[in-house]
Amino acid sequence: MQSLNLSWLEAAGIEAAILRLDLLDPLLSGNKWFKLKGHLRVAEAGGSPGLISVGGAHSNHLHALAAAGQRFGFSTVGLLRGEPQDTATVADLQAMGMQVHWLGYGEYRQRYQAAFWQPWLERYPGYHPVPEGGGGLPGTEGCAAIAEMIEAQLEGLGWDDYQQLWLAVGSGTTLVGLQLALPAGPELIGALAVPARYGVGEQIEAQLQQAQCERRQFRLLEACGAGFGRFDQALLDFMQDCEAQSGMYFEPVYSAKLLLALQQQAAGGYLAAGSRVVLLHGGGLQGRRSLLAR
Ligand SMILES: Cc1ncc(COP(=O)(O)O)c(C=O)c1O
C-alpha cells in the first residue's frame, strides 16, 4: 500500500493510500489472482482438464485466466462477446494457449442462464466453468484476502484507521469478498464501471446470499460515464494527469473511473476534510494498450 498524492485530494484535505494489486505479478495482477485461485483449486480437486469462461475482446479476466492456465498446466477456453476482432488481448489469449470462440451478442446475453453452459460443457467435458469476471463463491471467498492485506499494511502507513475503502465494480465479485471480510469501521464504496441497469446490484446481492453474508454495509456510486468500456477525452486527460502526478499507471475502464468518482465526491464536499481513504488498484493494465490505441 502506498500514499496516493494528487492535488485534488490535497485540496480537499483527504489523505489517500492505494493498494497496488497491479504490482503483484506481471500476468496475474490486480484482483484477478484473488478471484481465480479458488476456481483453480476447484478445477484441480475435480480433476478438470481445463477451465472455461466468458468475456469481452479486451477482457482482463480472460487474460488472467489464460495466463493461469498456461502457468499451472490447465487448458483454457474463452467464450468471447460479439463478432471476431483482432485485439492485443485476443492475440495474447491465443498465444497463451486459450481456445477462443466468438459468441455473437445474442448468445453472450444468455451467459447468466443455467442452460448457457450445457452445449459448451458437452463440447469440453469436465471443464470447470468460471462465471464472467471470476465470480461465484470461489471468487468472492478468494477476494476476502484483500481485506487482510489492507489491515496488515495500515501500520506501515502510520495509520491506525481509515474511513472509506474505494474500489471499481464490474461483476461485483471483489466488493462481495471485501464485504465478507472487512472489519467494522471503514465504509465500502463501489464505483460502478458498468451501468446499474446491467443488473450489477442484483449480481452483488446474489453473490452475498450465496456466501451467506448478512452484512450490507456498502454503497454503490454511478461511475461508468460514457458506458462500460467507453470513455471520452476528458476521462483520458484526467487519467493522464493522475498518472503524471502519482507516477503510476491507470486504465480507462475501471481505475480512471474510480478516481474520477472519488474526485467528484471530494470536490462536492461529500468527504470530510481529514478523512483517510484506501483505494484498490485492480490492475488491468494489459487492457490499456489497445484501449488507448483506439
Ligand atoms: C482492472 C479491474 N478493476 C476492477 C474490476 C472489477 O472487479 P469485479 O468484477 O470483481 O467487480 C475488474 C474486473 O475484473 C478489472 O479488470
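Scope of this entry: the structure provided in the associated data block. (Residues numbered from 1 in each chain as written. Predicted model: local features only at pLDDT ≥ 70, side-chain atom pairs only at ≥ 80, totals over all residues.)

Turning our attention to the site of the ligand. In the vicinity of the ligand, 17 residues are found, and the nearest of them are Gly170, Ser171, Tyr254, Gly282 and Gly284. Of all the elements in the fold, those that place two or more residues in the shell around the ligand are helix H3 (60-72), strand S7 (164-169) and helix H8 (173-181). Per-element accounting of the shell around the ligand gives the leading share, 3 residues, to H8. Taken together, the residues that form the shell around the ligand break down as 4 nonpolar, 13 polar and no charged. Shared between two domains, the shell around the ligand takes at least three residues from each, and those domains are domain 1 (2-29 + 137-293) and domain 2 (32-134). (Near = placed C-beta within 6 Å. Helix = DSSP H or I, 4+ residues; strand = E, 2+ residues; numbered from the N terminus. Nonpolar A, V, L, I, M, F, W, Y, C, P; charged D, E, K, R; others polar. Domains from an automatic or database assignment.)

This next bit is on the sheet that holds strand S6 (residues 128-130). With respect to topology, 4 strands assemble into an open sheet ordered S5-S4-S3-S6, the strand pairing being parallel. The strands lining the two open edges of the sheet, one partner per strand, are strand S5 (99-102) and S6. Strand-to-strand twist across the sheet, computed as the mean angle between neighbouring axes with direction ignored, equals 20 degrees. Running over the sheet, H3 touches strand S3 (50-55), strand S4 (75-80) and S6 and is turned about 165 degrees from S3. (Pairing = 2+ DSSP bridges. Axes fitted to C-alpha atoms, helices over the stretch in contact; angles between N-to-C directions. Contact = placed C-beta atoms within 7 Å.)

Most of S3 is tucked away, with 5 of its 6 residues classed as buried. Pairing between S3 and S4: 6 bridges, direction parallel. Note on S4: the bridge partner recorded for isoleucine 52 is valine 77. You can see the chain leave S3, run along H3 and come back into S4, and the turn it takes is right-handed. As defined by bridge partners, S3 adjoins S6 across 3 bridges and the pair is classed as parallel. The residue bridging leucine 51 from the neighbouring strand is histidine 128, located in S6. (Buried ≥ 20, exposed ≤ 12 C-beta atoms within 10 Å, placed from the backbone. Right-handed = clockwise from strand over helix to strand, strands pointing away.)

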